[in-house]
Amino acid sequence: HYDVHNMFGWSQSKPTLDGVREATGKRGLVLSRSTFVGSGNWVAHWLGDNFSNWANLKYSIIGMLQFNQFGIPMVGADICGFNGNTNEELCARWHQLGAFYPFSRNHNTIGATDQDPGYFGDPVASIAREALKIRYTLLPFLYTLFWIHFTEGSTVARPLWHEFPTDKNTRTIDDQFMWGADILISPVVEEGAASRELYLPPASRWFSLTSFFNSSTWFESEAGFSTVPAPLDVIHIHQRGGSIIPLQKPGLNTKQSRKKDFELLVALDDENSAQGTLFFDDGDSIDTLETGEYFHGKLGLFDNTMEMMVENDGAPELEFLSITRIIILGIKENVETVIVNGNPHQDWEYSNGGLFIVNLKLAVNDNFELIFL
């Protein structure tokens, strides 16, 4: 029994997904608690009937990272806890963390205190709302990470040591984690905490996005260990230098979000360069990679020139969407001119290393060139 306990759930994964797809004609989602290595090819996983306490909040990060290493990236814990009664502070902090689970769900047992954010009202409701709005803004990036996992086998959520294996300081950090190689999340996992220690590996530049998504404010952070303020409404988020992150304005649900125009958030590395990827399909159809019904574009910024290079243009939805804003962080010299596809562009602002270019009408599914001098 010990050797084959989880093989039962594994053996049911593919037949269940096959049934869902046959019945609906769509991609479908199967959520399982009984999985084994390889189950991620067919199902998502949740971390079981946890408890509404701070220890379970913290340990959920470890579980999420472990299951990504097992090849099951669509994973998360029951936000606010399943067994027992939660409280306002715990639920607020758990929503901040849970917004960055690849599988994000608030779920509790029959008979426990309600834990929908609306039950508590503010500040829990507004804290949960803001955290989920950040998640929705980052959905194009998260979806691209899942495509990379599907095609290359890489993790979606990963520990710091995954990206910085020679940095000994990263090996014991289990309360910070990354989305892909480029976004670092540092939640508060201790009761009553108004600050937290975080670590930014010195091998990269890091840019704080903690206030970016609600006020467009940012700053370059000093690498190494530091203690930062973390009041109840704050979760610390950093972007790694050398990356280009696709964004969309959040809608009420993912169907609405997918209809919003795009933005690109660029963080430069020490060489003043950055790279990124955007993948997009209809989110429902089966075998879009095999049929070519998807978009794949490569983004690069080198020598003050940013380009989109379309690798596959098979997503009709993108014909009606534009890239309307590009933000470039970490520029070391003043900017005097912005040129888009050979034409001067007037709607931009440069201040303290940040270039905000607005009122763009760049087709998402077409090549473009942007130069700043």
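Residues numbered from 1 in each chain as written. Predicted model: local features only at pLDDT ≥ 70, side-chain atom pairs only at ≥ 80, totals over all residues. Heavy atoms only, no water.

This brings us to the overall build of the chain. Of the regular secondary structure elements, the chain holds 10 helices and 25 strands. Whereas a compact globule of 373 residues would reach a radius of gyration of roughly 21 Å, the chain reaches 21 Å, a difference of no more than 12%. Seen through its C-alpha atoms, the chain measures out along the principal axes to roughly 65 × 50 × 45 Å. Out of the 373 residues in the chain, the part that is buried amounts to 50%. For the chain, contacts bridging at least 24 residues in sequence account for 67% of all contacts bridging at least 6. About 17300 Å² of surface is accessible on the chain, with carbon and sulfur atoms providing 49% of the total. Between the mean site of the 26 positive side-chain charges and the mean site of the 46 negative ones, the chain shows a separation of 4 Å. (Helix = DSSP H or I, 4+ residues; strand = E, 2+ residues; numbered from the N terminus. Rg over C-alpha atoms; globule rule 2.2 N^0.38 Å. Buried < 20%, exposed > 50% of the residue type's maximum accessible area, 1.4 Å probe, protein only. Contact = heavy atoms within 4.5 Å. Areas by Shrake-Rupley, 256 points an atom, 1.4 Å probe, with all protein chains shown as cover. Lys, Arg positive; Asp, Glu negative; His and termini not counted. Charge placed at Lys NZ, Arg CZ, Asp CG, Glu CD.)

A few words now on the state of the cysteines. As enumerated under the stated definition, the model contains one disulfide in all. Here Cys80 pairs with Cys91 through a disulfide, and the sulfurs are 2.0 Å apart. The chirality of the disulfide connecting Cys80 with Cys91 is right-handed, given an S-S dihedral of about 80°. Residue Cys80 is located in the loop between β4 (78-79) and α3 (88-98), and its partner Cys91 is located in helix α3; the two are separated by 11 residues in the primary sequence. (Disulfide = S-S within 2.5 Å.)

Moving on to α3. A large share of α3 lies buried, amounting to nine of its 11 residues. For α3, every residue scored as buried is listed here: Leu90, Cys91, Ala92, Arg93, Trp94, His95, Gln96, Leu97 and Gly98. Elements in contact with the buried residues of α3: α2 (54-69), β4, β5 (105-106), α4 (117-120), α5 (124-137) and β7 (177-179).

Right, let's get into helix α6 (residues 139-152). With 14 residues, α6 ought to run about 20 Å at 1.5 Å a step, and its terminal C-alpha atoms sit 19 Å apart, in line with that. A positive backbone phi angle near 85° is found at Gly153, which sits one or two residues after α6. (Expected span 1.5 Å × (residues − 1).)

The subject of this paragraph is the side chain of Thr137. Position of Thr137 among the secondary structure elements: in helix α5. By relative accessible area, which is 11% here, Thr137 ends up buried. Apart from the residues within four sequence positions on either side, Thr137 is in contact with Phe213, Pro246, Leu247, Gln248 and Pro250.

We now examine the nonpolar core. Counting residues in each nonpolar core, the largest one holds 49 residues, and the members touching the most others are Met64, Phe100, Phe177, Trp179, Ile183 and Leu265. Broken down by element, the residue count for this core peaks at six residues, all from α2. Those residues in contact with Met64 that lie beyond four places of it in its chain are Leu47, Val75, Phe100, Tyr101, Pro102, Ala157 and Phe177. Counting residues in each nonpolar core, the second largest holds 32 residues, with Leu264, Leu278, Leu299 and Met308 among its members. (Core = buried A, V, L, I, M, F, W, Y, C linked by side-chain atoms within 4.5 Å.)

As summarised here, the arrangement of the three strands in space is β1-β2-β3, forming an open sheet in which the pairing is parallel. Edge strands, defined here as strands with exactly one partner in the open sheet, are β1 (31-32) and β3 (75-76). (Pairing = 2+ DSSP bridges.)

Moving on: the pairing of strand β14 (residues 243-248). The element β14 is extensively covered by neighbouring structure, given that six of its six residues are classed as buried. Two strands pair when backbone bridges link them, and β14 and strand β15 (residues 262-267) are joined in this way by six bridges, in the antiparallel orientation. Counterpart to Leu247 in the pairing with β15 is Glu263.

A few words now on the side chain of Thr288. Position of Thr288 relative to the elements: it lies in helix α10 (residues 288-291). In contact with Thr288, not counting residues within four places along its chain, are Arg27, Asp281, Asp282, Glu293 and Tyr294.

With that settled, consider the packing of α3 against α5. With their axes 8 Å apart at the nearest point, α3 and α5 run at an angle of 5° to one another. Taken together, the axes of α3 and α5 are roughly parallel relative to one another. Along its contact with α3, which presents Glu88, Ala92, His95, Gln96 and Gly98, the element α5 presents Val124, Ile127, Ala128, Ala131 and Arg135. (Axes fitted to C-alpha atoms, helices over the stretch in contact; angles between N-to-C directions. Parallel < 35°, antiparallel > 145°, perpendicular 65-115°, else oblique.)

With that out of the way, let us pick up a nonpolar patch on the surface. The grouping of Trp10, Phe36, Val37 and Phe70 at the surface amounts to a nonpolar patch, some 360 Å² of accessible area in total. Structurally, Phe36 can be placed in the loop between β1 and β2 (44-46). Classification of Phe36 as partly exposed rests on a relative accessible area of 39%. (Patch = residues over 30% accessible without salt bridge, like charges linked within 9 Å, V, L, I, M, F, W, Y side chains within 5 Å. Salt bridge = Lys/Arg side-chain N within 4 Å of Asp/Glu carboxyl O.)

On to the environment of Glu190, then. Positionally, Glu190 belongs in the loop between β8 (183-186) and β9 (195-200). Since its relative accessible area comes to 53%, Glu190 is described here as exposed. Sequence separation between Glu190 and Gly314 is 124 residues; the distance between their C-alpha atoms is 46 Å. When sequence neighbours within four positions are dropped, the list of residues in contact with Glu190 reads Trp54 and Glu89.

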